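Structural features, examined
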Amino acid sequence: MTTALITHADCLSHVAPAGHPESVARLEHVLNALEPLDLMRVTAPMAADDDILRIHPASYLANLRAALPSQGLANIDGDTFLSPGSLDAAFRAAGAAVRGVDMVLAGEVQNAFAAIRPPGHHAETDTSMGFCLFGNAALAAKHALDHHGLKRVAVVDFDVHHGNGTQDLLWDERRALVITSQQMPLWPGSGRADEDGAYGNVLNIPLPPDSDGSEMRAQYQAQVFPRLRDFKPELLVISAGFDAHRDDPLANLNWSTQDFAWLTAELCEIAQELCDGRIVSTLEGGYDLNALSTACAAHVTEMIKASA
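An account of the accompanying structure is given in this report. Please read all numbers here as calculations on a predicted model, not as lab measurements.

Notes on the packing of aromatic side chains
A full pass over the atoms with the stated rule returns 8 aromatic pairs. Considering the side-chain rings of F91 and F134, the 5.2 Å spacing of their centres and the 80° angle between planes classify their relative orientation as edge-to-face. Placement of F91 in helix α4 (residues 86–105) and of F134 in the loop between β5 (111–114) and α5 (136–147) is noted, with a sequence separation of 43 residues between them. Since its relative accessible area comes to 6%, F91 is described here as buried. When the centroid spacing of 6.0 Å and the interplanar angle of 55° are considered together, the rings of F158 and F260 count as tilted. Remark: F260 occurs in helix α8 (residues 257–275) and F158 occurs in the loop between β6 (153–157) and α6 (164–170); sequence separation between them is 102 residues. Over the ring of Y199 we find R174, and its NZ or CZ is 3.8 Å from the ring centre.

Rendered as structure tokens:
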């Protein structure tokens, strides 16, 4: 078994204004950091409309297509932009999530990492926001449930910002457990502990500003790992954001690169215990380029170790 790296050059064609945090350089740095690693390299397919329609209504997709500029940039919400290549990038990002699920569930690889942009965990059912267009992690979960017939899929989101989109998209999906840790208070303002889903299927872990990896480890050991063991998922989807790193400019958690490695190793061990090690991880945030690339490489290295 091995770890798949799923990506596509189209994900570099999504362009934001100069100085925007969600830059092309983010993915370039990630891919450079992953280049030395022993990975099965897979070209991300273009998601089909039917894939996107598992989680977003047709009207939302039509609105994005109508807003796509032929040149320059279009601002579609406060901080999310479209360039001429943005929808190709978003369809490749969604396609990478789908392909990862297909490969892992077919036993072609032990686990998979989708190195993609734009990210996805802020995209709600019919609303783009927070740099996100399609809910990639939620799509991975729904594809596993609806297409492959799994009965239980868990999503763990450790991005520093609340995964409000994933929560919204899977709020009333009793077959999915959504666990998301985030700094609070922080944009987008959601993610309170009492937001628990239509069926008690959402677990939010608010973390205080200026806390560090020791607080994260304690909360994951006390709440997240037991909840995963109780739920017994058949697949684990990870929203892997690296903006909780101490060097990230957009937040105030103080995780080290080793904290990301520890958390990944623990999640891989639990996945091995519960679902034969089956994990699909998708890239979310991380805006200090050096911190992003080193923490992401640590994350994927732990996935490789688990697949050996």
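Quick word on the sheet that holds strand β8 (residues 202–207)
Picture the strands of a sheet paired through backbone hydrogen bonds; they go either parallel or antiparallel. Read from one edge of the open sheet, 8 strands run β2-β1-β5-β10-β9-β6-β7-β8, paired in parallel fashion. Strand pairing shows two members of the sheet lacking a second neighbour, β2 (40–43) and β8, which therefore form its edges. Recorded for the sheet is a direction-independent mean angle of 15° between the axes of neighbouring strands. Bridge count for strand β1 (residues 3–7) against β2 is 4 bridges, and the pairing is parallel. Within β2, the position partnered with A4 by the bridge is M40.

Details of the side chain of S83
Considering the arrangement of structural elements, one finds S83 in the loop between β4 (81–82) and α4. Residue S83 is classed as buried on the basis of its relative accessible area of 2%. Each residue touching S83, except ones within four places of it in the same chain, is listed here: S13, H14, V15, L68, P69, G72 and L73.

Thoughts on the nonpolar core
By size, the foremost hydrophobic cluster in this structure holds 97 residues, and its most contacted members are F113, F134, L228 and L235. Tallying contributions element by element places α4 first for this core, with 12 residues. If we skip the residues at most four places from it in the chain, L235 touches V101, V104, L105, A144, L150, R152, V153, A154, C275, R278, I279 and V280.

What counts and what doesn't
- Residues numbered from 1 in each chain as written.
- Predicted model: local features only at pLDDT ≥ 70, side-chain atom pairs only at ≥ 80, totals over all residues.
- Heavy atoms only, no water.
- Phe/Tyr/Trp six-rings, centres within 6.5 Å; stacked < 30°, edge-to-face > 60°.
- Helix = DSSP H or I, 4+ residues; strand = E, 2+ residues; numbered from the N terminus.
- Buried < 20%, exposed > 50% of the residue type's maximum accessible area, 1.4 Å probe, protein only.
- Lys NZ or Arg CZ within 6 Å of the ring centre and 35° of its normal.
- Pairing = 2+ DSSP bridges.
- Axes fitted to C-alpha atoms, helices over the stretch in contact; angles between N-to-C directions.
- Contact = heavy atoms within 4.5 Å.
- Core = buried A, V, L, I, M, F, W, Y, C linked by side-chain atoms within 4.5 Å.

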